[in-house]
Amino acid sequence: MSAVGPPVAHIRLKVSATPGVHHAVLTWPRGERTGFREAEIRDDGGGEGMCAELLAAVAQGEKALAQDQDGSPAAQEGGAAPPKPSEVTPSGLVVLQIKSPELEEVPWEELFQQAGRVHGRVWRLVRSRLGPGNFQPDAPAVFPDLPVRVMVLGVDPSVRPGGGVSGHEDIAAHYALRDKVPWWEVDVLPGRLNRETLLPRLRHVQPHILHLAGSAAEELLADETPDLGELNLSHTRLVVSTGPVRTPEARSRLDAFLRSDAQDPVLGTVSLALRDARAPDDCRLCAPVSAFYRTLAEGGALDEAAGSAVRTAPELRAVTTVNCHPGLVLPRPMPSSQAEARVRRSLYDDLHHGADRVAQRRRALDALQDGASVKRLVAVHGPRTHGGPRRGAHSGTTHVLKSVLRAWEARGGVALYVDLHRHEDGLSDGELRPPPDPYVETVAQLAESVARDHWAHDEEIERQLAGLRERIDEWRRRHERGDGRTVLRGHAEDVFSAGRELMVKIAPPGSHVVLAIDHFEEADDAVAGQLVRNLFDKILASASLSIVAATRNGADVRWLRLFCTAPFDIHCENWPADFAGPLFREIGARNGIDWHGTPEWRTTVKELADGDGREVGVDLLATAGRVARRTQSGGRS
């Protein structure tokens, strides 16, 4: 992660009354002390000459500060010799506040980068609209324990399988961040911007990064003074623009997001634009956009990410403007070793291949994280269907349920998973056995989840877990030899009681365990009702936990009303038709397919996306996932 500590030099630059001379005011905040220096900058040497004079003024100011603070002879005599390259201290930061519009066009970022090492430091440059008094030295993360959410607006929904490949920045973001899940996530809104669809999407996703792709910046900021008041940007910290507009025009439009009088001013903007415009099929932005997000996800500061994009595509022009230190623009939830191990467990393997549902997961996490509130019941509902095949696990409610658990564990929480669909089959190891009892087998799954995932070091819980297993084994033996119903019912109640006691033990007051119940609808109403009354509702009432349950066919589920608390409903509807192309591209990126180098995958996506305007359902996405995995492994589609 980039350090925030190296010195920061603020420069306010404006045209003076003397022709060919500009006035610079340099400020160095140093805690309670502030260094101050004025300099006259001549422009007879062009941009390179002005940059050299500014850097010389910075070096002289740094030297004067060192002499003022250090009473050593070396400091009094002007310091030691210039450092060797290996001794250079990295990452001094220049924050440039330009007060004259005619100086905006100078490529200061490139000039400072080319100028190299000065005064023993590699100077980085960012622009700002704020002076040193208003510049935020620190900007704590809004949600430090949630994933960083990226929302890409205005991506091209079309798929062109021929010779040309469209510029799709959504592919670049998905490809760069696919290995950073669940600490980073990407949502997409395709097509031309329509505030009727944009406003609810912003409200539901609440992105940290708003990425304006293609012509989105022109459409959203078409007015000279655009009104952003109706946009919900309270969680947005960074706005990125990539598209065909000229860099100065894009930069000036992005200023609307940074203004102090904006309703929700962001902390930074980045404009990434090509120096020349080519055919619309040109896709030179994909590689630099991937480099940009990859650097951010690895902990790089905002200007470092922009620099990595430029190094990938030298024909790119990048301008970074900030209201705080560029290393503090974004929250960086770094995984602990324990959280890293948990989110990589096999339970989440299928999440790497399916399309994501960022808005639904965020709402579920918000419900679980609502202050100190526990004992929440979150119900994830699939789209209403009328018969048809069972929804696949890669893209339906199971996908959302598991992704919520993975994000919860990524932030250090504890999660348990029970799949009620597992014990509906009476065949085991080739031997026909009596059908398992759904009540006892559900408790057995709870015991498995506790034993497999958590609390292996707690001796008391281990003893309690061993006792529960003994009760389960005893019930199974009696069940197989055909003991009477009354005997079995008594032993089943012992199993239920021990299971409830175990859950109370692992979720004491002050903790917050999340229990996920998948495929609850596979049980008939009688079984579901008994599980709620005798197990889940009593656990919810007595343990410090919340329950997340998945239903397949809408919210009209009778067993939900049997809980002691009302459910927080989250709906997973089918996607509109224009999401087909972006969704299939996302699936390809998540499976590691190079969109530009794999024409057979582009052809497959075109065929899958040709749905005559129909909604995109989870079955079609599951099919796309299977085809993507075969394509990536070299198999035929």
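Residues numbered from 1 in each chain as written. Predicted model: local features only at pLDDT ≥ 70, side-chain atom pairs only at ≥ 80, totals over all residues. Heavy atoms only, no water.

### Regarding the packing of aromatic side chains
As enumerated under the stated definition, the model contains three aromatic pairs in all. Both rings, one in Tyr 439 and one in Phe 496, keep their centres 6.2 Å apart while their planes meet at 70°; by these two values the pair is edge-to-face. Placement of the pair is Tyr 439 in helix α13 (residues 438-453) and Phe 496 in helix α15 (residues 485-506), with a sequence separation of 57 residues. For Phe 496, a relative accessible area of 4% gives the class buried. Ring centres 6.4 Å apart and planes at 65° place the aromatic pair Trp 559 and Phe 563 in the edge-to-face group. When its relative accessible area of 4% is taken as the criterion, Trp 559 is described as buried. The ring of Tyr 175 has Arg 178 sitting right over it, with the charged end atom 3.9 Å from the ring centre. In this structure, Arg 357 packs its charged tip against the face of Trp 575, placed 3.8 Å from the ring centre. (Phe/Tyr/Trp six-rings, centres within 6.5 Å; stacked < 30°, edge-to-face > 60°. Helix = DSSP H or I, 4+ residues; strand = E, 2+ residues; numbered from the N terminus. Buried < 20%, exposed > 50% of the residue type's maximum accessible area, 1.4 Å probe, protein only. Lys NZ or Arg CZ within 6 Å of the ring centre and 35° of its normal.)

### What about helix α8 (residues 286-297)?
Since the α-helix turns once every 3.6 residues, residues separated by three or four places project in the same direction. With 12 residues, α8 extends 17 Å between its outermost C-alpha atoms, agreeing within 8% with the 16 Å of an ideal straight helix rising 1.5 Å per residue. Most of α8 sits out of view: 10 of its 12 residues are buried. Regarding α8, the residues found buried are Cys 286, Pro 288, Val 289, Ser 290, Ala 291, Phe 292, Tyr 293, Thr 295, Leu 296 and Ala 297. Just past α8, the residue Gly 299 takes up positive phi, approximately 100°. (Expected span 1.5 Å × (residues − 1).)

### Looking at the pattern of salt bridges
Taken as a whole and assessed by the stated rule, the structure comprises 23 salt bridges. Notably, a salt bridge pairs Arg 127 with Glu 109, separated by 2.7 Å at the nearest N-O pair. Note that Arg 127 is positioned in strand β6 (residues 121-127) and Glu 109 in helix α3 (residues 108-115), a separation of 18 residues in sequence. The same class applies to Arg 127 as to Glu 109, namely buried. A salt bridge links Arg 500 to Glu 493, with the shortest nitrogen-to-oxygen separation between them at 3.2 Å. The exposure class of Glu 493 is partly exposed, given its relative accessible area of 38%. Linked by salt bridges that have partners in common, Glu 104, Glu 109, Arg 127, Arg 129 and Asp 255 make up one network. (Salt bridge = Lys/Arg side-chain N within 4 Å of Asp/Glu carboxyl O.)

### Things to note about the sheet that holds strand β18 (residues 545-551)
Spatial ordering of the open sheet is given by β14-β17-β18-β13-β19, a layout of five strands whose pairing is parallel. Looking at the sheet topology across the chains shown, the edges are occupied by β14 (414-419) and β19 (568-571). Each strand axis lies, on average, 20° off the axis of its neighbour in the sheet, ignoring direction. As paired strands, β14 and strand β17 (residues 513-518) are joined by six bridges and run parallel to one another. Bridging across to β17, Ala 415 finds its partner in Val 514. Of the strands in this sheet, β13 (377-381), β14, β17 and β18 are in contact with helix α12 (residues 397-410), which crosses β14 at around 160°. (Pairing = 2+ DSSP bridges. Axes fitted to C-alpha atoms, helices over the stretch in contact; angles between N-to-C directions. Contact = heavy atoms within 4.5 Å.)

### Things to note about the packing of helix α17 (residues 580-590) against helix α18 (residues 599-609)
The contact between α17 and α18 brings their axes to 9 Å, and the two run at 140°. The two elements α17 and α18 cross, and the hand of that crossing is right-handed. Residue-level inspection shows Ala 580, Gly 581, Phe 584 and Gly 588 of α17 in contact with α18, the latter providing Trp 601, Val 605, Leu 608 and Ala 609. Grouping the amino acids of the contact of α17 with α18 by side-chain chemistry returns six nonpolar, two polar and no charged. (Left-handed = near helix turned anticlockwise from the far one by under 90°. Nonpolar A, V, L, I, M, F, W, Y, C, P; charged D, E, K, R; others polar.)

### Thoughts on the pairing of strand β12 (residues 316-322)
Where burial is concerned, most of β12 is hidden: seven out of the seven residues are buried. Burial of β12 is two-sided: the residues Leu 316, Ala 318, Thr 320 and Val 322 facing one way and the residues Arg 317, Val 319 and Thr 321 facing the other way are all buried. Judged from the seven bridges that link them, strand β11 (residues 268-274) and β12 form a sheet pairing that is antiparallel. The residue bridging Val 270 from the neighbouring strand is Thr 320, located in β12.

### A look at unusual backbone geometry
For the bond running from Val 181 to Pro 182, omega is 10°, close enough to zero to count as cis. Mapping Pro 182 onto the fold places it in the loop between α4 (169-177) and β8 (184-190). Look at Gln 206: it is not a glycine, yet its phi comes out positive at around 50°. Mapped onto the secondary structure, Gln 206 falls in the loop between α5 (195-205) and β9 (209-213). Taking relative accessible area as the criterion, Gln 206 reaches 14% and is therefore assigned buried.

### Some points on the packing of helix α14 (residues 459-480) against α15
Put simply, α14 and α15 touch, their axes get as near as 9 Å, and they point 160° apart. One way to sum up the angle between α14 and α15 is to call them roughly antiparallel. Both α14 and α15 take part in a crossing whose hand is left-handed. Residues Glu 460, Ile 461, Gln 464, Leu 465, Leu 468, Arg 471, Ile 472, Glu 474, Trp 475, Arg 478 and His 479 of α14 pack against Val 487, Leu 488, His 491, Ala 492, Asp 494, Val 495, Ala 498, Gly 499, Glu 501, Leu 502, Lys 505 and Ile 506 of α15. (Parallel < 35°, antiparallel > 145°, perpendicular 65-115°, else oblique.)

### Concerning the nonpolar core
Ranked by size, the top nonpolar core spans 48 residues in total, and within it Trp 184, Ile 209, Leu 238, Phe 292, Tyr 293 and Leu 296 carry the most contacts. If you look at the next biggest cluster of nonpolar residues, it comprises 46 residues, including Leu 446, Ala 447, Val 532 and Ala 549. (Core = buried A, V, L, I, M, F, W, Y, C linked by side-chain atoms within 4.5 Å.)

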